[in-house]
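# Working through the structure, step by step
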Amino acid sequence: MTWIFTSDVEAYTGVAEPWLLRDPVRNTVPLTVLRAVRNGLWGDNALLGRLERDGQVVAAAIQTPPHFLLLPAIPADVVPELAARLIEAERAISGVSGPLPLAELFAASWWRPEAGRRSERLYRLDALVSPRPPVDGASRVAEAADLDLLVRWSEEFQAEAEGVAPVDLTPLVASRIARRELVVWEAGGRPVAFAGASVPIGGMSRIGPVYTARESRGRGYGTAVSHATSAKVSAEGATEVLLFTDLSNPTANSIYQAIGYRPVSDYVSITFA
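The present account deals with the structure reproduced in this document. (Residues numbered from 1 in each chain as written. Predicted model: local features only at pLDDT ≥ 70, side-chain atom pairs only at ≥ 80, totals over all residues. Heavy atoms only, no water.)

Summing up its helical and strand segments, the protein has eight helices and 12 strands in all. The C-alpha radius of gyration computed for the protein amounts to 19 Å, which stays within 12% of the reference 19 Å derived for 273 residues, consistent with globular compactness. With respect to the three principal axes, the spread of C-alpha positions in the protein is 60 × 35 × 35 Å. The 273 residues of the protein split such that 48% are buried. In the protein, 72% of the contacts between residues at least 6 apart in sequence involve partners at least 24 apart. (Helix = DSSP H or I, 4+ residues; strand = E, 2+ residues; numbered from the N terminus. Rg over C-alpha atoms; globule rule 2.2 N^0.38 Å. Buried < 20%, exposed > 50% of the residue type's maximum accessible area, 1.4 Å probe, protein only. Contact = heavy atoms within 4.5 Å.)

Given below as structure tokens:
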């Protein structure tokens, strides 16, 4: 039993995606990233790894440079071997993201020390609750004319959330607009916030990003657009609606719980020195 790495996206998807879909909630990020790679985004030099036993996939991992290595919900005892194989292959890994204990185990097995971390919590929608008090404005699905604004907001979101300069997000935002995945909240006749929700995979859809323009914060727009986006994907057939929150932001965590989200498990992104 050993880790197998490939650059053949379709062959990898055929064997790894069914395994990831056994737990679409905890594997939400690898599933959506794999779909993006299949759609031509982040595919250059992608690392697609799987571990097989008796011809059956028992673990997987994905990296799309310059992003971190993504760990699905894999058995803990296979993580050190994954790190060893990547060190042997001299793979450039700037960080790791995944369930808290697994990411920490990988970091402990990696040859470079930890330089920082971002702790997150995965939430699952229970019963959607309307914001109280009601928020001024209304939602609409983003259109092609929103592209420039939403690219700028997406770049600002990424810079604030991760503290790094983002790659060009135009292709990603354009593809999400085309798939009707982005929702804009308007108040006073102008856009003030937006949120995304992935097209369901195995019944699972994840909310994100959620961003409010700096000059419009503190008025409940982020809560309102999150609620509207959650309602949209639920009405369109998603059976599991998820989102991640930054654990260093207690306000965001309380807001999402107020509209019906409940904690699932903790995740972490660890940057290597």
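Applying the stated criterion to the full structure yields eight aromatic pairs. Both rings, one in Trp-153 and one in Tyr-211, keep their centres 6.0 Å apart while their planes meet at 50°; by these two values the pair is tilted. Here Tyr-211 lies in strand β10 (residues 204–212) and Trp-153 lies in helix α5 (residues 147–162), a separation of 58 residues in the sequence. On the basis of relative accessible area, Tyr-211 is assigned to the buried category, the value being 2%. For the ring pair Phe-244 and Tyr-267, a centre distance of 5.1 Å and an interplane angle of 85° mean the geometry is edge-to-face. Within this pair, whereas Phe-244 is found in strand β11 (residues 240–246), its partner Tyr-267 is found in strand β12 (residues 261–272), the two being separated by 23 residues in sequence. Linked through ring pairs, Phe-106, Trp-110 and Phe-272 together constitute an aromatic cluster. (Phe/Tyr/Trp six-rings, centres within 6.5 Å; stacked < 30°, edge-to-face > 60°.)

Once that is clear, we can look at the side chain of Arg-176. Structurally, the position occupied by Arg-176 is in helix α6 (residues 170–178). By relative accessible area, Arg-176 is classed as buried at 12%. A polar contact is formed between the side chain of Arg-176 and the side chain of Glu-181, at a distance of 2.6 Å. Apart from residues no more than four positions distant in its own chain, Arg-176 is found in contact with Glu-181, Leu-182, Gly-196, Ala-197, Ser-198, Gly-208 and Pro-209. (Polar contact = N/O pair within 3.5 Å; in protein donor to acceptor, adjacent residues only side chain to side chain.)

What follows covers the sheet that holds strand β1 (residues 3–6). Taking strand neighbours across the sheet as the criterion, the 12 strands line up as β1-β2-β3-β4-β5-β12-β6-β11-β10-β9-β8-β7 in an open arrangement whose pairing is mixed. Strand pairing shows two members of the sheet lacking a second neighbour, β1 and β7 (138–141), which therefore form its edges. Two strands pair when backbone bridges link them, and strand β5 (residues 95–99) and β12 are joined in this way by five bridges, in the antiparallel orientation. Counterpart to Ser-97 in the pairing with β12 is Ser-269. Here helix α2 (residues 28–38) sits on the sheet in contact with β3 (56–63), β4 (69–70), β6 (114–125), β10 and β11, set at roughly 85° to β10. (Pairing = 2+ DSSP bridges. Axes fitted to C-alpha atoms, helices over the stretch in contact; angles between N-to-C directions.)

Now for the packing of helix α1 (residues 9–20) against α2. At a closest axis distance of 11 Å, the pairing of α1 and α2 adopts a crossing angle of 160°. The angle between α1 and α2 places the two elements in the roughly antiparallel class. Like other packed secondary-structure pairs, α1 and α2 cross with a definite hand, here left-handed. Taking contact as the criterion, the partners of Val-9, Glu-10, Tyr-12, Thr-13, Glu-17 and Leu-20 in α1 are, on α2, Pro-30, Leu-31, Leu-34, Val-37 and Arg-38. For the contact of α1 with α2, the residue count by class is seven nonpolar, one polar and three charged. (Parallel < 35°, antiparallel > 145°, perpendicular 65-115°, else oblique. Left-handed = near helix turned anticlockwise from the far one by under 90°. Nonpolar A, V, L, I, M, F, W, Y, C, P; charged D, E, K, R; others polar.)

Let us look at the pattern of salt bridges. The full count for this structure, using the stated rule, is 19 salt bridges. Across the pair Glu-240 and Arg-124 runs a salt bridge, and its minimum N-O distance is 2.8 Å. Placement of the pair is Glu-240 in strand β11 and Arg-124 in strand β6, with a sequence separation of 116 residues. When salt bridges with common partners are traced through the structure, they connect Arg-152, Glu-156, Glu-160, Arg-214 and Arg-217 into a single cluster. (Salt bridge = Lys/Arg side-chain N within 4 Å of Asp/Glu carboxyl O.)

Mapped onto the secondary structure, Leu-125 falls in strand β6. A relative accessible area of 14% means that Leu-125 is categorised as buried. With 114 residues separating them in the primary sequence, Leu-125 and Thr-239 have C-alpha atoms 9.3 Å apart. Those residues within four positions of Leu-125 in sequence are excluded, and the remaining contacts are Ser-230, Ser-234, Val-241, Ile-259, Gly-260 and Tyr-261.

Judged by how many residues are buried, β5 sits mostly within the fold: five of five residues are covered. Sheet topology note: the β4/β5 ladder contains two bridges and is parallel. When the sheet's bridge partners are listed, Leu-70 is paired in β5 with Ser-97. Handedness of the β4-helix α3 (residues 79–88)-β5 crossover: right-handed. (Right-handed = clockwise from strand over helix to strand, strands pointing away.)

Interpretation note: all reported values are geometric properties and have no functional meaning in isolation.
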